[in-house]
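Analysis of the macromolecular model
Listed below are the residues making up each chain.
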Amino acid sequence: MQRVKDFLSGARVDATSSPPYLLSVRSSKTFILVTICIAVFTDVFLYGIIVPVIPFTLASRASVPQSSVQSYVSILLAVYGAALLVASPLAGWYADKSSSRRLPLLIGLLALAGATIMLCLARTVALLIVGRILQGLSAAIVWTVGQALLVDTVGQKDIGQILGYVSISMSVGILLAPLLGGIVYERSGYYPVFYMAFGLIALDILLRMVLIEKKIARQWLKDEIVDSGETKSAETSPEDIDHVASGGALPDDRKIPEAAQSTPTPYRKPTKWPPVLTLLKSRRLLTALWGWIVQGSQVTAFDSVIPLYVERTFGWNSTGAGLIFLAIMIPGFAAPLVGWASDKYGPRWLTVIGFMLAVPFWVLLRLVTHDSLGQKVLLCALLFLIGITLTLVNAPLMAEITYVVEAKERESPGRFGPSGAYAQAYGLFVTAFAAGSLIGPLWSGYVVESAGWGTMAWSLGLFGVSGAIPCLIWTGGLITEVNAKSGEERAIGKVALGRMGDAAPRLEGNVV
């Protein structure tokens, strides 16, 4: 039992214990990134694999009348969001309190395996709902702990680009899941759809057991620089700070380290209030969370209505219903590029452009009304353009969560305690996305049923404007202030940037 406990916590047994096999590889930034990306892919894949299958299996396996299928599809998608909503803050709190990220990830895996078995065997609506709830619990843990682990590993300077790769894994999962789910269901039936799921779970188990966190690896590699994107502390001259504050870039050998600050700030004892309450006082964070509610609503709205709409309008089967999602998800492969731009130039204008550019494309979806080649091309083109706008918003808003936590910590070092608050911050992010995934399917499903496809399209498009306005004002810092944009600027602190103005305006960390 003690050996199991030591394995889960990652604690070194004693000073003479030998390091784990292939420690440097298992704790490398690349391996951790690949593991988290596969974990996110697996979770999203198992969420989406039954999206094109649900409408057909509700009638054949659960004996749901055809007239009620749309309502039950929306309910099954919404309860997933409800579980995410409830579990994400708890998962973040537990992950920040836990000595290791490994144990929460394994708990999430067990929940995912249980959910998959339940959905595979279910023949009643009640069991399907319970299975979707378990999937939501698993997703809350995977997203929250996984992204916090990435921040632990790579730091905040390049987190936008790193999260872009996570966004790709999410996009590929959402892309392949409906596609493969529809094809396999059409060719081989219901159970083979879940054989793919069980194979992915087995791979996920292997990777999560092999992974070693950076802080665990440092027990054996104290005197070595582990490949984590970190740099040793170095003295930063006032000239360097002034140079960066004036918009210049430093040579590679004089880059300002992540931990460098313009002026020493005394360490502050952790506040008695939970970090999540401190974070929720941040207008920047609230803006990012609202943006994810809007984004989540728009993304998951398609899951509820697209499969049934293309079946009714074009006569497509589950394979066609899965293929149509290709148009939305292919632009997601540009997410690392968008994340890089967010790290270099700031997230504000990327998110605003993404939200506003989507509005006309959503409204134009109402023109797709009948079965013809031109209508099918129009639908695919509009979905592709909407996919581009979603990509412009995803990575910057995910990275903004990290930017806000880092700014809060820089403003008052130690306020979140030794474990920090990244998991709780990403718990809030997942909660916001969960709220969106609860709103989206219900909004689209019931509006389509009561007012039609066209009304659903333009109403969700206009909803995007409500995300653009606060992002314009607060994302990246209050628009009227001088705010840090690049990783170098965020590293030097508010005092140095304040030298750019006569009144020493406040930087990123102040308007949070």
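Just above, that's the structure.
This text gives an overview of the structure that appears in the document. Remember, it's a predicted structure, so these values are computed and weren't measured experimentally.

Reading the values: rules and limits
- Residues numbered from 1 in each chain as written.
- Predicted model: local features only at pLDDT ≥ 70, side-chain atom pairs only at ≥ 80, totals over all residues.
- Heavy atoms only, no water.
- Axes fitted to C-alpha atoms, helices over the stretch in contact; angles between N-to-C directions.
- Helix = DSSP H or I, 4+ residues; strand = E, 2+ residues; numbered from the N terminus.
- Parallel < 35°, antiparallel > 145°, perpendicular 65-115°, else oblique.
- Left-handed = near helix turned anticlockwise from the far one by under 90°.
- Nonpolar A, V, L, I, M, F, W, Y, C, P; charged D, E, K, R; others polar.
- Salt bridge = Lys/Arg side-chain N within 4 Å of Asp/Glu carboxyl O.
- Buried < 20%, exposed > 50% of the residue type's maximum accessible area, 1.4 Å probe, protein only.
- Patch = residues over 30% accessible without salt bridge, like charges linked within 9 Å, V, L, I, M, F, W, Y side chains within 5 Å.
- Areas by Shrake-Rupley, 256 points an atom, 1.4 Å probe, with all protein chains shown as cover.
- Core = buried A, V, L, I, M, F, W, Y, C linked by side-chain atoms within 4.5 Å.
- Contact = heavy atoms within 4.5 Å.

**Observations concerning the packing of helix α13 (residues 283-314) against helix α18 (residues 373-411)**
Where α13 contacts α18, the two axes come as close as 10 Å, and the packing angle between them is 155 degrees. By the angle between their directions, the pair α13 and α18 is classed as roughly antiparallel. Both α13 and α18 take part in a crossing whose hand is left-handed. Class assignment for the residues of the contact of α13 with α18 results in 19 nonpolar, five polar and three charged.

**Comments concerning the pattern of salt bridges**
As enumerated under the stated definition, the model contains four salt bridges in all. A salt bridge links Arg284 to Glu400, with the nearest nitrogen and oxygen atoms 2.9 Å apart. Of this pair, Arg284 sits in helix α13 while Glu400 sits in helix α18; the two residues are 116 residues apart in sequence, bridging distant segments of the chain. A residue is classified by how much of its surface remains accessible, and Arg284, at 1% relative accessible area, is buried. With a closest N to O distance of 3.6 Å, Arg312 and Glu449 form a salt bridge.

**Brief notes about a nonpolar patch on the surface**
Together, Ile117, Leu121, Tyr191, Tyr195 and Phe198 give the surface a local cluster of nonpolar side chains, amounting to about 510 Å² of exposed area. Top contributing element to the nonpolar patch by residue count: helix α9 (residues 190-210), with three residues. Following the sequence through the fold, Leu121 ends up in helix α6 (residues 102-121). Relative accessible area serves as the criterion here: at 55%, Leu121 is assigned to the exposed category.

**Notes on the nonpolar core**
Core analysis: the largest hydrophobic core is formed by 131 residues, its most contacted members being Leu58, Trp143 and Leu365. For this core, the element with the most residues is α13, which contributes 15 residues. In terms of nonpolar packing, the next biggest core, distinct from the first, is built from five residues, Leu23, Ile216, Ala217 and Trp220 among them.

**Digging into the environment of Leu379**
With respect to the element layout, Leu379 can be found in helix α18. Judged by its relative accessible area of 0%, Leu379 falls in the buried class. Sequence separation of Leu379 and Leu364 is 15 residues, and the distance between their C-alpha atoms is 9.2 Å. Sequence-distant contacts of Leu379, that is, excluding residues within four places in its chain, are made with Val310, Phe314, Ile324, Leu365, Val368 and Trp453.

Don't take any of this as a statement about function, it's just geometry.
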